[in-house]
Amino acid sequence: AEAERWLTPLVDSSDRQIAARASAALGLIRADAGDHDRAIVLLTDAARVLPGNSGARAEFYAGESFAAMGRTDAARARYRLAKAKAVDPQLKRAID
């Protein structure tokens, strides 16, 4: 709850990187709480802005939320996007 209180205002930051990082963090918190609909919105918003491995992780966790909701086609699509964005070979293997 404390982290959400601090991160939520940052989602509206004029600095796109700060807003995206806050969205990604909040997305993970919402996913952990079982609020997968909100997690997907936050994580996909973050993935549009974050480059490389950070964007790949946001895509991957959006995929995990889709999978948790039983939306396997959408999950696979996010996993493909995550793998395409990943720069680190170790991360690419972990996504597989």
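Keep in mind it's a predicted model, so treat the numbers as computed, not measured.

Trainee: Can you help me understand helix H2 (residues 16-32) in this one?
Mentor: The periodicity of an α-helix, 3.6 residues per turn, causes residues three or four places apart in sequence to face the same way. Its 17 residues place the ends of H2 24 Å apart at the C-alpha level, agreeing with the 24 Å of an ideal helix rising 1.5 Å per residue. Every buried residue of H2 is listed here: Ala19, Ala20, Ala22, Ser23, Ala24, Leu26 and Gly27. Its buried side turned inward, H2 meets helix H1 (2-7) and helix H3 (36-49). The first or second residue beyond H2 is Gly34, which carries a positive phi of 90°.

Trainee: Explanation requested: the pattern of salt bridges in the structure shown.
Mentor: Scanning all chains against the criterion turns up eight salt bridges. Here Arg30 ties to Glu4 by a salt bridge, and the two come within 2.9 Å at their closest N and O atoms. With a gap of 26 residues between them, Arg30 in helix H2 and Glu4 in helix H1 connect regions that are remote in the sequence. Salt bridges here are not isolated pairs; linked through shared partners, they connect Glu4, Arg30 and Asp35.

Trainee: Looking at this structure, how should I read the nonpolar core?
Mentor: In a soluble, globular protein the nonpolar side chains are often hidden away together inside. Among the nonpolar cores identified, the biggest contains ten residues, and these are Ile40, Ala56, Phe60, Phe66, Ala75, Tyr79, Ala82, Ala86, Leu91 and Ile95. Mapped by element, the contributors of at least two residues to this core are helix H4 (52-68), helix H5 (72-85) and helix H6 (89-95). If you look at the next biggest cluster of nonpolar residues, it comprises nine residues, including Ala39, Leu43, Ala58 and Ala62.

Trainee: What am I meant to see in the side chain of His36 here?
Mentor: Here His36 lies in helix H3. Under the relative-accessibility criterion, His36 is labelled buried at 18%. For His36, the side chain forms a polar contact with the side chain of Ser65, separated by 2.9 Å. Leave out the neighbours within four places in its chain, and His36 touches Ala31, Ser65, Ala68 and Met69.

Definitions and limits used
- Residues numbered from 1 in each chain as written.
- Predicted model: local features only at pLDDT ≥ 70, side-chain atom pairs only at ≥ 80, totals over all residues.
- Heavy atoms only, no water.
- Helix = DSSP H or I, 4+ residues; strand = E, 2+ residues; numbered from the N terminus.
- Expected span 1.5 Å × (residues − 1).
- Buried < 20%, exposed > 50% of the residue type's maximum accessible area, 1.4 Å probe, protein only.
- Contact = heavy atoms within 4.5 Å.
- Salt bridge = Lys/Arg side-chain N within 4 Å of Asp/Glu carboxyl O.
- Core = buried A, V, L, I, M, F, W, Y, C linked by side-chain atoms within 4.5 Å.
- Polar contact = N/O pair within 3.5 Å; in protein donor to acceptor, adjacent residues only side chain to side chain.

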